[in-house]
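# Descriptive structure summary
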Amino acid sequence: MKNLFLLLFILALVNPAIAQKKRDKVKRKYQKTNRIVESKPDIFVRGKIINQADALLVGASVVFKTMGKAVHTNEDGEYYLSRVPSGRHTIQVSFIGYKTKTIDYTVSPGQNYINFTLDEEPIKIDPIVARPRKIEQQVIDIPSSVTAISNKDIQDLNATELDYLSEFVPGLEIRLPSIQRPGFIMRGVTSDEVSASAQPRVSVYYNNIPISRASGSAVELFDMERVDISKGPQGTLFGRGAMIGAVHYVTQKPTENFYGNISTKVGNYGQKGLEGMVNAPIVPKKLFARVAGVYDFRDGYVKNTFGGDLNGKNTVAGRFSLRYLHSIFTKADLEISYQKDDAPGVAFMSQLFPNTNGVSNVFKYEASLNRGKGLNNEKDIFTSILNFRHYLNEHAFFTSVTSFRKNTAYALWDGDGTASDAINMSEDISAKQFTQELRLNFNLGSRFEGLVGASYWREKASQDFWFGTNEQHMAFLILQQKQYLILPDGQPMSMPALPNDPNLGPLAGLPLPAYHEETNLSEAVNRSLEGFFDASYQLTNKIKLTAGLRYIRENFKLKNEGVAGENPPSVLGMFTRNYPNLLFLPSAEQELKEKFNALTYRGNIQYKFNENANVFVGYSKGRRPNVLQFTSTGQPQTMAAEIVKSYEGGFKGIFKSRLWLDVNLFYHNYTDFQTSAWVADAETGEFNYIVKDGGKATSYGLESTLKYQIIKQLKVFGNYAYLNAEFDDTGVDGNDQEYAGNKFRLSPEHSYTIGLRGEIEVNKDINFYVMPSYSHRSHFFFEDANTVGLDQEAYGTFNATAGISFREPAISLSFYARNILDEKYLVSAGNAGSLFGVPTVIPGAPRMFGAKVTWNFNVKDKPYYKRKFK
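My aim in this report is to walk through the structure given alongside it, one point at a time. Since we're looking at a predicted model, the values are computed, not measured. (Residues numbered from 1 in each chain as written. Predicted model: local features only at pLDDT ≥ 70, side-chain atom pairs only at ≥ 80, totals over all residues. Heavy atoms only, no water.)

### Details of the sheet that holds strand S2 (residues 61-64)
Spatially, the four strands line up as an open sheet ordered S3-S2-S5-S6, and their pairing is antiparallel. The open sheet has two edge strands, strand S3 (69-72) and strand S6 (101-107), and neither has a second partner. Each adjacent strand pair in this sheet contributes to an overall mean axis angle of 25 degrees, direction not counted. Looking at chain direction, S2 and strand S5 (residues 87-94) are connected through four bridges and run antiparallel. The residue bridging Phe64 from the neighbouring strand is Ile91, located in S5. (Pairing = 2+ DSSP bridges. Helix = DSSP H or I, 4+ residues; strand = E, 2+ residues; numbered from the N terminus. Axes fitted to C-alpha atoms, helices over the stretch in contact; angles between N-to-C directions.)

Quick look at the structure:
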């Protein structure tokens, strides 16, 4: 906090002096040259920026060099500057991939309309636009670490899976061990949820609303505009869940023209899919609609000897959008979407024991999980969003975002990874979320811009765990005799009764039930009220200052109950001290309530060498809220909020419109690091996956992105990330820490992706492209405990897409292949089996390939709606 106050104090002292000095200098210059008369408050300059094809250039930079004022065009390609002195001005307009245009223009009293048409560079990289501050900006103008993946990138890469998409973002790893448990790992920090009250570290947004509960954050990528990834603490802009970053899905919105597309695909492992979109005007110039949908099916790549397959996909999703233009000042967007997943179960496989065919190599992709086709993953997501916006001018507008989201998810899995009936578990999740945000984006004098607003969020969530076991199988694990769990032929052994061992006392010889089940029920009501402010001040032509803060008021209420099943009590529960249950000690419903207040903030300085190169440095504070949880024995716990102090700097540059270079350095200091771990302690009766206080931790690293357009037909691209993330040796109390010196889990020290895109124009109507890439990850652990054997050695995957497109009719045929060299790697290791010494693993996907045909009809440029503000 003191860092922020120091920054604000320095700005308070420096800003007026420098600004006054600059005003005096400008005044003397203008008086000397007699070019500018007295400034009048009713003098405005506005216009639009387009290219030679009349396409809008959203996020283009417009700089009045004689004043040190700058703005960016909005989503309609418009710009607006107020309080412009009349007289002659030098105006510079720039946009990535286009020739910078500089003109001298004499501003007259009153309204001044100046439109610009930019010429494309003959050889250029594609423009990169993002909107972390809810306005369109070129990524080069954003003084923080931001990556934007456009719809064109998604289509070229055929990146319909989030884990594959993340390979093209340095510092981000998305893992999909199951559809309801995606892992968003940013700069080495994972976003686990082990309690219905737990909140994420990486905030996930969908069209300006938070969707960060894990079971609802993995959405199908179809009809997308782009995906924005903001790294480092983003609490000021993206709210309380963005301790270490944010991922924002942005979908296409309805426009005036009639157009659409339809595509179908087939691939190995029985893959088949259908995707389409139609955009149409309902009332000309007033009401537009857009309908999009997708179906994607693939058999599982792991066969189950007990029937069915595992690690497959079966997704159906649809989206209906309306845009209503009430006037040139006011518009409203309504969206209703639904996604349903009904996939086979997850292949949690044992590396210790063979399957029923005597095979223990998990990369033979054959498991023996005794529940057979009963293993499954189901998920339903319903989302409704109403976005209302009223413009005061091109850069000042009021926004209201109202949303309701309902998500249910269910998964049943085999926890021991064998034919044994020892560990069977399920998780049943339900969440209802309501969000209301009110926001004002402002621009004062085209020098001071930002946003201010407030939001309310309410979530009602439930998380129920079920455990079922055959204690005649489970006894081998409880009695530390796991070597007898499975025979060499993969068949399970049984222990009908406890051994007649005198050391067992009165338990000796007791018969063991063939079936036992139990349940742990949790329900939470989570609420937050937040106020936020974030703004930038253009101190000089080259220096921009940015600062922001967010106040958070949180209310958590968590209920928990341990329930004994309607079956024989657990004999083994006498060993775990949870009798008549084995894992979850029966308990009456309990309630834990807490309220918290918090403040997050940021500040940075950007220095521009010119319109194509700049550097920035910044400091920010991130926070993951306190976690409320109950142990498996019913004991309530409130974990301290996790705090990160972040120091960051970076360089962004474009050279000769061909080369894009983005380099970021960061240093993060954590206190009360919230680590998640499987805990098995017969002394206390704790057998659970819970949050633990990992104490102090430190991470630092480098992230870089490079794109180079060698010639018009050939582009190379790549990214690299270096990360050193580990727990400190001692905690705040000076004592040694449990995980001292351990690396963060799922955090490779080195990771990179390299690739190229080659294009051949056969003739004016036929175009061919190919896009190979290679992604590499160095060694990493799957648990913060850094358990030997629960790790992944360095590996890499080679992927490629290729396609041919025809101008008339507008049909394209594309081919895609993943893991072409059939690399063997793991997606997950440890899991529920770790509780009893039989960890499981999930093998990564083998080689996959397919083909896709797309037809685009009535393709037209999106229209431009010109506002005439009074």
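There is more to say after this.
### Here we look at the side chain of Asp156
With respect to the element layout, Asp156 can be found in helix H2 (residues 151-157). Each residue touching Asp156, except ones within four places of it in the same chain, is listed here: Arg757, Tyr769, Met771 and Thr801. (Contact = heavy atoms within 4.5 Å.)

### Thoughts on the sheet that holds strand S49 (residues 826-830)
Taken together, three strands build an open sheet; the order of strands is S25-S50-S49 and the sheet is antiparallel. One side of each edge strand has no neighbouring strand; the edge strands of this open sheet are strand S25 (349-350) and S49. In this sheet, strand S50 (residues 840-843) lies alongside S49 in antiparallel orientation, the contact comprising four bridges. Across the sheet, Ser828 pairs through a bridge with Ile842, a residue of S50.

### Some remarks on the nonpolar core
The nonpolar side chains of a soluble globular protein tend to be buried, and buried together. Counting 58 residues, the largest nonpolar core has Ile423, Met474 and Phe836 as its most contacted members. Looking at this core, the elements that each hand over two or more residues are strand S28 (396-414), strand S30 (448-469), helix H6 (471-478), S49 and S50. Here the element with the most residues in this core is H6; it accounts for five residues. Setting aside residues no more than four positions away along its own chain, Met474 makes contact with Ala422, Ile423, Phe467, Thr469, Leu572, Leu582 and Phe836. (Core = buried A, V, L, I, M, F, W, Y, C linked by side-chain atoms within 4.5 Å. Buried < 20%, exposed > 50% of the residue type's maximum accessible area, 1.4 Å probe, protein only.)

### Considering unusual backbone geometry
Here the bond from Tyr579 into Pro580 is cis, since omega is 10 degrees, no more than 30 degrees from zero. Within the secondary structure, Pro580 sits in the loop between helix H7 (573-576) and strand S33 (587-610). Glu808 connects to Pro809 through a cis peptide bond whose omega is 0 degrees. One can find Pro809 in the loop between strand S47 (795-806) and strand S48 (811-818). For Tyr269, which is not a glycine, the phi torsion comes out positive at approximately 55 degrees. The residue Tyr269 is located in the loop between strand S18 (259-267) and strand S19 (271-283) in this model. A relative accessible area of 29% means that Tyr269 is categorised as partly exposed.

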